[in-house]
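Spelled out, the chains give:
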Amino acid sequence: MPRVQLPAVTPKRRAWNKGRLVGQKRPLLPKQVWAIRARLELAGNLRDLALFNVAIDSKLRGCDLVSLKVIDLLRDDKIRERVSVVQSKTNKPVQFELAENTRETVTNWIKSPEMTGCLFLFPSRFHDRPHISTRQYGRLVRDWVVSIGLEPSGYGTHSMRRTKVAEIYRKTGNLRAVPLLLGHTKVDSTVRYLGVELEEALSIAERIDI
């Protein structure tokens, strides 16, 4: 009896993105920023409060944020109002301004006993690592958004990078200022990053009644 060659059956795999929100991560809204700040303040978590505030103000990528050194922000025993950092991705400097509230939280963190003798602003608790990792930073962001009832799949470290510039664009409409703050070399990149065209289309649609 001749043998019949049956077609190979490929086992069905669960799609990695099933049930997840993929694509750009959402920026936080002002009320969400203040909600997270309030929770961190009530918990007395100096490190996370300083990390959160610096992340919002600096608009740095995670890799550049976690590798900040104390001397990057400190001058003459005072936290600088304006800071310049060379980005690891582009090898180009980007400037950012630290708000008064951020400077105060960073000062409190630097003066804490945990920071004695530390070179990096956000040192790791593991002896073999000089500072927290981007993965750890991502876990912290997840904890922050979950703490105020947000869906974690919609937010990430890039949410922190986008939050302030999204609000600046929303309030001023000044698209040219945003790439300077993010360290982008092309406005096209900024348009895609902010989802400006989609935002404008939705705004127009909201004003049309039929």
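This section reports on the structure supplied with the text. (Residues numbered from 1 in each chain as written. Predicted model: local features only at pLDDT ≥ 70, side-chain atom pairs only at ≥ 80, totals over all residues. Heavy atoms only, no water.)

1. Examining the overall build of the chain
Scanning the chain for helices and strands turns up 10 helices and four strands. Walking the chain from its N terminus toward its C terminus, one meets helices and strands in the order α-α-α-α-β-β-β-β-α-α-α-α-α-α. In the chain, of all internal contacts separated by at least 6 residues, the share reaching a separation of at least 24 is 58%. Carbon together with sulfur atoms contributes 53% to the accessible area of the chain, which is approximately 14,100 Å² in total. (Helix = DSSP H or I, 4+ residues; strand = E, 2+ residues; numbered from the N terminus. Contact = heavy atoms within 4.5 Å. Areas by Shrake-Rupley, 256 points an atom, 1.4 Å probe, with all protein chains shown as cover.)

2. Focus on unusual backbone geometry
Not every positive phi belongs to a glycine, and Lys59 is a case in point at roughly 60°. As for its placement among the helices and strands, Lys59 is situated in the loop between helix H2 (46-58) and helix H3 (62-66). Look at Asp77: it is not a glycine, yet its phi comes out positive at around 65°. Taking the relative accessible area as the measure of exposure, Asp77 reaches 72% and is therefore exposed. (Buried < 20%, exposed > 50% of the residue type's maximum accessible area, 1.4 Å probe, protein only.)

3. Considerations on the packing of H2 against helix H7 (residues 157-172)
Where H2 contacts H7, the axes come no closer than 7 Å and their chain directions differ by 55°. When the axis of H2 is compared with that of H7, the two are oblique. Considering only the axes of H2 and H7, their crossing is right-handed. Here Phe52, Ala55, Ile56 and Asp57 of H2 lie close against H7, whose contacting residues are Met160, Thr163 and Lys164. Here the contact of H2 with H7 is composed, by residue class, of four nonpolar, one polar and two charged. (Axes fitted to C-alpha atoms, helices over the stretch in contact; angles between N-to-C directions. Parallel < 35°, antiparallel > 145°, perpendicular 65-115°, else oblique. Left-handed = near helix turned anticlockwise from the far one by under 90°. Nonpolar A, V, L, I, M, F, W, Y, C, P; charged D, E, K, R; others polar.)

4. So, the packing of helix H1 (residues 30-43) against H2
Relative orientation of the contacting elements H1 and H2 amounts to 160°, with a least axis distance of 9 Å. Relative to H2, H1 is oriented roughly antiparallel. As H1 packs across H2, the resulting crossing turns out to be left-handed. Residues Val33, Ile36, Arg37, Leu40 and Glu41 of H1 form the contact with H2, whose participating residues are Asp48, Leu49, Phe52, Asn53 and Ile56. For the contact of H1 with H2, a count of residues per class yields six nonpolar, one polar and three charged.

5. Observations concerning the layout of surface pockets
Its boundaries defined by the atoms lining it, the second largest pocket holds a volume of some 290 Å³. Taken together, 16 residues make up the lining of the second largest pocket; nearest its centre are Val33, Trp34, Arg37, Ile56 and Lys164. Among the secondary structure elements, those contributing two or more residues to the lining of the second largest pocket are H1, H2, helix H5 (100-110) and H7. At five residues, H7 tops the list of elements feeding residues into the lining of the second largest pocket. Looking at side-chain class alone, the lining of the second largest pocket contains eight nonpolar, three polar and five charged residues. (1 Å grid on protein atoms, 1.4 Å probe; cavity = no way out; pocket = protein on both sides within 12 Å on 5 of 7 lines; lining within 4 Å. Points joined across faces, edges and corners; volume = space filled by probe spheres on them.)

6. Section: the side chain of His131
With respect to the element layout, His131 can be found in the loop between H5 and helix H6 (134-147). With sequence-adjacent residues up to four places away left out, His131 is seen in contact with Val66, Ser67, Phe120, Phe122, Pro123 and Ser124.

7. Brief notes about a negative patch on the surface
There is a patch of like negative charges on the surface, built from Glu41, Glu81, Glu100 and Glu104. Note on placement: Glu41 falls in helix H1. Judged by relative accessible area, which is 44%, Glu41 ranks as partly exposed. (Patch = residues over 30% accessible without salt bridge, like charges linked within 9 Å, V, L, I, M, F, W, Y side chains within 5 Å. Salt bridge = Lys/Arg side-chain N within 4 Å of Asp/Glu carboxyl O. Lys, Arg positive; Asp, Glu negative; His and termini not counted. Charge placed at Lys NZ, Arg CZ, Asp CG, Glu CD.)

8. A few points about the nonpolar core
Soluble globular proteins tend to bury their nonpolar side chains together. In terms of nonpolar packing, the biggest core is built from 37 residues, with Leu28, Phe52, Leu73, Tyr137, Trp144 and Met160 touching the most fellow members. Here the element with the most residues in this core is H2; it accounts for seven residues. In this structure Tyr137 touches Leu51, Ala55, Gly62, Leu65, Val66, Trp144, Thr157 and Met160, once residues within four positions along its chain are discounted. (Core = buried A, V, L, I, M, F, W, Y, C linked by side-chain atoms within 4.5 Å.)

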